[in-house]
Amino acid sequence: MKAMILAAGRGNRMRPLTDHTPKPLLAAGGKPLIVHHIERLAAAGMRDLVINHAHLGAQIESALGDGVRFSVRIRYSPEGEALETGGGIFRALPLLGPDPFLVVNGDVWTDIDLGGLSLEEGDLAQLVLVENPPHHPRGDFALAQGRVCAEGEPRYTFSGIGVYRPELFAGCEPGAFPLAPLLRRAMEAGRVGGQLHAGRWFDIGTPQRLDELDQMLRTA
């Protein structure tokens, strides 16, 4: 399975750290956030990676290169102006190919086994959900018997990790657009599976959370 790391966000809440460094290159535990993802993907056997970028994207390409030192192949999907999650994935589809692919947000950290994710037959997406963190108490979606719905209880937070079929993006046009409406449409059709990750997960949305992750990794 190919994998995509979303790395095009501006990281406004992380300023001034992101004024001169793209958010995925901010370090935790002695290495950039995006390198944690690359190493975990490589360990899961995923060798073909796509990384999109916009803000200070040249720094990302310079830091990671073609991926050979991580035992992966990295190809890039430059956006200039960020295209949001949906638009960014849609732009990268020619690099991802016709089969289901994994997408990981560049600004999260998790200990999940990425190699254990897959799609059920007929599904357009498989989402990894987590318990709602204090900064997002209402969550995003409901999960019941392995199916994800836009409404209902109990509600969980989308981890930023999912497996998608290219068909999820059927009818989309180039440009910036969010992913959530596409997922909700697929949920209405009963074509989104999900699983709850009970392990560790961090949303690195603020300098404080970056410091918390850094301290955890350095003392682990």
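Residues numbered from 1 in each chain as written. Predicted model: local features only at pLDDT ≥ 70, side-chain atom pairs only at ≥ 80, totals over all residues. Heavy atoms only, no water.

> Help me understand the pattern of salt bridges, please; the structure alone is not making it clear to me.
Two side chains with opposite charge may pair up if their charged atoms get near one another. Tallied over the full model, the rule gives ten salt bridges. Of the charged contacts, one joins Asp 107 and Lys 23 as a salt bridge, the two residues approaching to 3.1 Å between their closest N and O atoms. You can see Asp 107 sitting in the loop between strand E6 (101-105) and strand E7 (108-110) and its partner Lys 23 sitting in the loop between strand E1 (3-7) and strand E2 (27-28), a full 84 residues away along the chain. For Lys 23, a relative accessible area of 8% puts it in the buried group. A salt bridge links Arg 218 to Asp 214; the shortest N-O distance between them is 2.9 Å. Of this pair, Arg 218 and Asp 214 both sit in helix H5 (residues 207-219), four residues apart, which is roughly one turn of that helix. (Salt bridge = Lys/Arg side-chain N within 4 Å of Asp/Glu carboxyl O. Helix = DSSP H or I, 4+ residues; strand = E, 2+ residues; numbered from the N terminus. Buried < 20%, exposed > 50% of the residue type's maximum accessible area, 1.4 Å probe, protein only.)

> I keep staring at the side chain of Thr 18 and nothing clicks. Help me out?
Along the chain, the position of Thr 18 falls in the loop between E1 and E2. Judged by its relative accessible area of 0%, Thr 18 falls in the buried class. Apart from the residues within four sequence positions on either side, Thr 18 is in contact with Arg 10, Gly 11, Lys 23, Leu 26, His 55 and Leu 56. (Contact = heavy atoms within 4.5 Å.)

> Help me understand the layout of surface pockets, please; the structure alone is not making it clear to me.
Over the atoms, a rolled probe matching the size of one water molecule traces out where space is still vacant. Volume-wise, the largest pocket comes out at about 950 Å³. Elements that contribute at least two residues to the lining of the largest pocket include exactly E1, helix H3 (84-96), E6, strand E11 (155-164), helix H4 (180-188) and strand E13 (201-203). In terms of residue count, the dominant contributor to the lining of the largest pocket is E11 (five residues). Of the residues in the lining of the largest pocket, the class split is 18 nonpolar, 13 polar and nine charged. Here the second largest pocket defines a volume of roughly 160 Å³. Residue lining of the second largest pocket: Pro 133, Pro 134, His 135, Trp 201, Phe 202, Asp 203, Thr 206, Gln 208, Arg 209 and Glu 212, and that is the complete set. Elements with a minimum of two residues in the lining of the second largest pocket: E13 and H5. (1 Å grid on protein atoms, 1.4 Å probe; cavity = no way out; pocket = protein on both sides within 12 Å on 5 of 7 lines; lining within 4 Å. Points joined across faces, edges and corners; volume = space filled by probe spheres on them. Nonpolar A, V, L, I, M, F, W, Y, C, P; charged D, E, K, R; others polar.)

Nothing here speaks to function; it is all geometry.
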